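Understanding the architecture of this molecule
Here is how the chains run, residue by residue.
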Amino acid sequence: MIKSPSSQSLLITGILLISINLRTSIASVGPLIPFIREDLGLSNGLAGFLTTLPLLTFATFSLFAPAIGKKMGMGRAVFLGISILTAGVILRVVGGIELLLLGTAMTGIGIVIANVLLIPLIKVRLPQKLGLMTALLATMMSLFAAIAAGTSVPIAVDLNFGWRGSLAFWAIFMVLALLIWIPQLSRPKAGMDTQSKPAKNVWKSKLAWQITIFMGCQSVMYFTLTAWLPDMLVARGWSPVEAGAVSSIMQLVSLIGSYFAPSVLIRLRQQSGVVLIVGIAYIFGFLGLFFETEWITYLSLTIIGLGMGASLSIAYTLISLRTSEDQTTAKLSAMVQSSGYYLAALGPMLFGISLDLFGSWNILIWFLVFFSVLFTGFGMAAGRDRKI
């Protein structure tokens, strides 16, 4: 446990700085895809793969995150993750397609190590602030994803940084997070390293799979829409700056759901009703995108944004609420983010390929509606009051 208010404040500050870097490297890519595609001559399928690749590395390396955390200590492992992320962000902008793909893969590895371990770290070191810190974790992720999406094109065009400079810009915040996190490197290994109770086998748990598929569905919707919404709006006649701004607004709206959902969830014995409300909102929001009227698009994306923020917080909160042992929490976090992101990885790439084949943006909307239905069904099951 944290022994003094000052060290606790420093830990909370570090967690918030780490969390702001967990989506900027991905959210900043979507609005810049037209520039990257033109500069490097990418197909739509390969452009979609740019946002799929981090998800594949999320899915693969999240399985190793608990072991890395146990070996190094969660604080040191989080530092390692952000270091890898920083290196990847820089590497992907210094060369051609090969370095772009390699650096992008590294960003995924770095993000998932930090992302998987922050949840059990919060549960162990700040147990009395679990709801608040989970809310702040999801909120800061969504806030800076929104800022990254909204400012990527202006940084590239108005500041004349180009797409490379725009993507590299976010490394500033990663270096800042590393500096603030340094005091955590000297702390003893925490929580799951000394937990006497053995971890449950989450891979054999029906409840764990329900949470995992729920997380996968929300990830599919988030990453697919984040990757392709700006391009879809540009195809409908919006300028790249306008499209990036609308994507940013959607993610800013998500902050409302991100912040308030955990505080509501931890007060409820069952979370199924909240999931049902969010699922219905998703379905109506996505169906509204069939209409190209500007005000309907804004309204639909506002509804979707609220759902996105809430659903991420719900997924993170369920990981903590459905487990008793710290080791089980870490293993469930790894399972959820591994299998869930394998599902999510299909989204941006499959739609990019379908766009090349059929040239229809309506496929994207039906794709998102389908996963909204799955999200609702599995989320309601995961929301029942049980423990793994």
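Our structure is the block above this text.
Keep in mind that this is a model prediction, so the values were computed, not measured.

Time to look at unusual backbone geometry. For N160, which is not a glycine, the phi torsion comes out positive at approximately 60 degrees. Within the secondary structure, N160 is located in the loop between α8 (130–157) and α9 (162–168).

This next bit is on the packing of helix α4 (residues 44–61) against helix α11 (residues 206–235). Two numbers describe how α4 lies on α11: the axes approach to 11 Å, and their chain directions differ by 150 degrees. Here α4 is positioned roughly antiparallel relative to α11, judged by the angle of their axes. The chirality of how α4 crosses α11 is right-handed. Of the residues in α11, those touching α4 at N44, G48, T51, L55 and F58 are F223, A227 and W228. Per-class residue counts for the contact of α4 with α11 are five nonpolar, three polar and no charged.

Let's shift gears to the pattern of salt bridges. Oppositely charged side chains are able to pair whenever their charged atoms sit close together. With the rule as written, the count across this model stands at four salt bridges. Ionic pairing is found between D231 and R37, a salt bridge with its closest N-O pair at 3.1 Å. Within this pair, whereas D231 is found in helix α11, its partner R37 is found in helix α3 (residues 33–40), the two being separated by 194 residues in sequence. Overall, D231 belongs to the buried group, its relative accessible area being 9%. Here D39 makes a salt bridge to R164, at a shortest N to O gap of 3.7 Å. Here the residue D39 occupies a position in helix α3, and R164 occupies one in helix α9, the gap between them amounting to 125 residues.

Parameters at a glance
Residues numbered from 1 in each chain as written. Predicted model: local features only at pLDDT ≥ 70, side-chain atom pairs only at ≥ 80, totals over all residues. Heavy atoms only, no water. Helix = DSSP H or I, 4+ residues; strand = E, 2+ residues; numbered from the N terminus. Axes fitted to C-alpha atoms, helices over the stretch in contact; angles between N-to-C directions. Parallel < 35°, antiparallel > 145°, perpendicular 65-115°, else oblique. Left-handed = near helix turned anticlockwise from the far one by under 90°. Contact = heavy atoms within 4.5 Å. Nonpolar A, V, L, I, M, F, W, Y, C, P; charged D, E, K, R; others polar. Salt bridge = Lys/Arg side-chain N within 4 Å of Asp/Glu carboxyl O. Buried < 20%, exposed > 50% of the residue type's maximum accessible area, 1.4 Å probe, protein only.

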